[in-house]
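Each chain, letter by letter, is given below.
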Amino acid sequence: MIKYGLPIFAALALTFAVIKIVHTQPVHAKLMPPAAPPSAVYANQVGAVGLVEAESENIAISLPVPGLVTRVDVQAGDRVRKGARLFSLDDRDLQAELALRQSSLALAETRLEKLAMSPRPEDLPPAEAKVRESEQLYQDTAVQLNLMESVRDKRAIRDEDLQRRRLAVKAAEARLDQAKAELALLKAGTWKPDLDIARAEVLEARRQVERVEADLSRLVVTAPIAGEILQCKVHPGEYAQAGPLAQPLILMGATARLNVRADIDEQDAWRVKSGATATGTVRGNTGDRLPLHFVRVEPYVIPKRNLTGDSTERVDTRVLQVIFALDPGARVYAGQQLDVFVDAGGQK
Amino acid sequence: MNFVAVQMLIGDRAKYLGLIFAVAFSTFLMSHQSTIFAGIMDRTTSQIKDIKDASIWVMDPKTQYFDEVKALTDDDVYRVRGVPGVEWAVPLFKGLPRAKAFDGNFRVVNMMGVDDATLVGAPRDLVLGSPEDLRKPDAVLVDRVGYEFFFPKQPYVLGRTLELNDHRVTIQGIFNSSAPFQNLPVFYARYSQALTYVGRERNLLSFVLVKAQRGLSDSEVCRRIGAATGLDAATSQEFGWQTIRYYVAHTGIPVNFGITIAIALMVGTIVAGQTFYIFTLENLKQFGALKAIGVTNWRITGMILLQALMVGAIGYSIGIAMTAAFFEITKGNLDLRGFVLFWQIAAGTGAVVLFIVMAASLMSIRRVLVLEPAVVFRG
């Protein structure tokens, strides 16, 4: 038994061991990625991350004065022409002030008109009558004096009476002169400096109206260029802040053509030549390579903007931004990220 | 004459079995301990090997091993992409966040973040779900260890939720992972999401995974990446060995196992050698008789070696089968997964056993060679 049994048992045991060893050896087969990664395009290339933007760059619409939004005339995706109304702010107080200023203008204008029209025609006849009356009174005193002087015998009259009549003539004469002068004054109408002042007052009132109108026009925000509304984050009833905002009220741009802003690490910046061609791929669809045409290099190297958006991040690298144009009709959206390969020259 | 040798060997049944058991247990001990040691060392590289779609790892030049990483900057992915010979390069995040179940159970997990767009590195050996499910919102893939820790004795279902750094995550897949060194659960998520599961750090990019262009060797591309970016690039194998070397140099594991293996070797050699020696001494008369009838020394040496080989072969077969059976039995245990009797260990043990029996037999051969045939005729 031991003569054959043990070797046979050993042979079986060895067979078992060999089979198990063969079956359990780990296999390190290489697999293909679930989705194809963006792969090399040029022999010598610089990799970069690109952000799609409008040809005009993205414009964050701001407003000169803060206020309550009463009306929004556009929505995201609208194409607008230059000067089109985007949204309006509450203008009730300025409308009220406009009415006030307009009435002030009307008042000043009426005042000027009145001055320009003087003398009032109805004022003339009394003044003329006054002149005539004064004339008659003068005539009367003159006749009285004449009568007294025509007396030959001076003893028949008192010297005192004679003196009184002479003075009465002089007084009547003066009164006549006064009446004539008053009539002349009346006929001369308004004094020119007074008219000038009134005209200046009208002008001032008109400027006040124009100022309120200008303020009113600032409450209506219009499109600075013809383009597409990329984002509309303003709604009626909201309070809109003036100045630059983290979340723009309206983001717009000319999107007939799109550009790609490629961030190139400063350590690779020297390898990128002006005029270099590039290729971009959309994330998730690396099979579709989009040709990129060189537009320009931003001359200033800026700190890398991290897409995690953490504001406490410190800058550890700076990036050169190169702008490329996409072909019209490329199926990408503004704000989308592209994996960009820039040709750095050399043979493939 | 060989027949005589075999008869001589199995004639003394006790010594014959004693020799075989000495060899068998020596074999078992050596191969078993070596396998456990190799398995533990292999575990340190599990996460490297589990990424099967990239062959090159780019990391900080001072990186010592896989589990301790210094983050690169996000731009380094693009710098690596610009290196000639790189077919593609994608980011990989590795972190150790704490996962919490809603019943309060918590555990530190190995979180791997794979590139959002391509999912390079995502596990493929899934029990439930598919790698594409990572694209779902707040999706994580968990390995079986993780699932069974958080939901013990419960059937595998998808859609359960856990909490990671105050984020709610949904289990969208359960996969088979190679066991990590500490056997922590392994989670996979998309890169952008994995970053939010660990605390705030400025840079979070752990590795860049690279594929070499067709026609270029991995090591050549590694050299080019190193030259162009100043980062360290290693192939999966190199990085794995680098990690293993770290553990060998900085932990007591190799010393512990080394001592066991050395003792197994010594005990095997000494017991087998001693038994063989006694066996030969007891058979001196027979050898003397053989010499007396004119058998040459060469022939006798051949006979002894044949006996040794026979003992060695039988003992080795039984011993190695015991080891194979051990790992066959423990295969189903999740915590002992990844311990595999490598063919290298089996072959190496075989060589050592061959050496043991040869050495043991040769110790006694001298007595036979100097033996006077006349001894047979003395008392």
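Refer to the structure printed above.
The rules behind these values
Residues numbered from 1 in each chain as written. Chains lettered and ligands numbered in written order. Predicted model: local features only at pLDDT ≥ 70, side-chain atom pairs only at ≥ 80, totals over all residues. Pairing = 2+ DSSP bridges. Helix = DSSP H or I, 4+ residues; strand = E, 2+ residues; numbered from the N terminus. Buried ≥ 20, exposed ≤ 12 C-beta atoms within 10 Å, placed from the backbone. Contact = placed C-beta atoms within 7 Å. Nonpolar A, V, L, I, M, F, W, Y, C, P; charged D, E, K, R; others polar.

**What to know about the sheet that holds strand β9 (residues 250-253) of chain A**
The strand order across the open sheet formed by 4 strands is β2-β9-β7-β4 (chain A), and the pairing between neighbours is antiparallel. With partners counted over all chains shown, the strands left at the sheet margins are β2 (59-61) and β4 (79-80) of chain A, one partner each.

**Comments concerning the pairing of strand β11 (residues 207-212) of chain B**
All names here are of chain B. Taken across its 6 residues, β11 has 6 buried, putting it largely inside the fold. Direction of pairing for strand β1 (residues 56-59) relative to β11: antiparallel, over a ladder of 3 bridges. If you follow Ile56 over to β11, its bridge partner there is Val210. Bridge analysis of strand β2 (residues 86-95) against β11 gives 6 bridges, and the strand direction is antiparallel.

**Observations regarding the interface of chain B and chain A**
In this assembly, 41 residues from chain B lie in contact with 47 residues from chain A. Where the side of chain B that touches chain A is concerned, the elements lending two or more residues are α4 (75-81), β2, α11 (297-329) and α12 (343-369) of chain B. Take the side of chain B that touches chain A: its biggest share by element is 8 residues, from α11(B). Residues belonging to the side of chain B that touches chain A are distributed by class as follows: 22 nonpolar, 6 polar and 13 charged.

**Details of the sheet that holds strand β8 (residues 239-240) of chain A**
All names here are of chain A. A sheet is described by the order of its strands in space; here 4 strands give the open sequence β6-β5-β3-β8, paired in antiparallel fashion. What marks the edges here is a single partner per strand, and that holds for β6 (220-222) and β8. In terms of strand pairing, strand β3 (residues 67-72) meets β8 through 2 bridges, oriented antiparallel. Paired with Gly67 across the bridge in β8 is Ala240.

**Thoughts on unusual backbone geometry**
With omega at 10°, the peptide bond leading from Ser118(A) into Pro119(A) counts as cis. Note on placement: Pro119(A) falls in the loop between α2 (92-117) and α3 (124-149). Located in the positive-phi region is Lys153(B), a residue other than glycine, with phi close to 55°. Mapping Lys153(B) onto the fold places it in the loop between α5 (144-150) and β8 (161-164).

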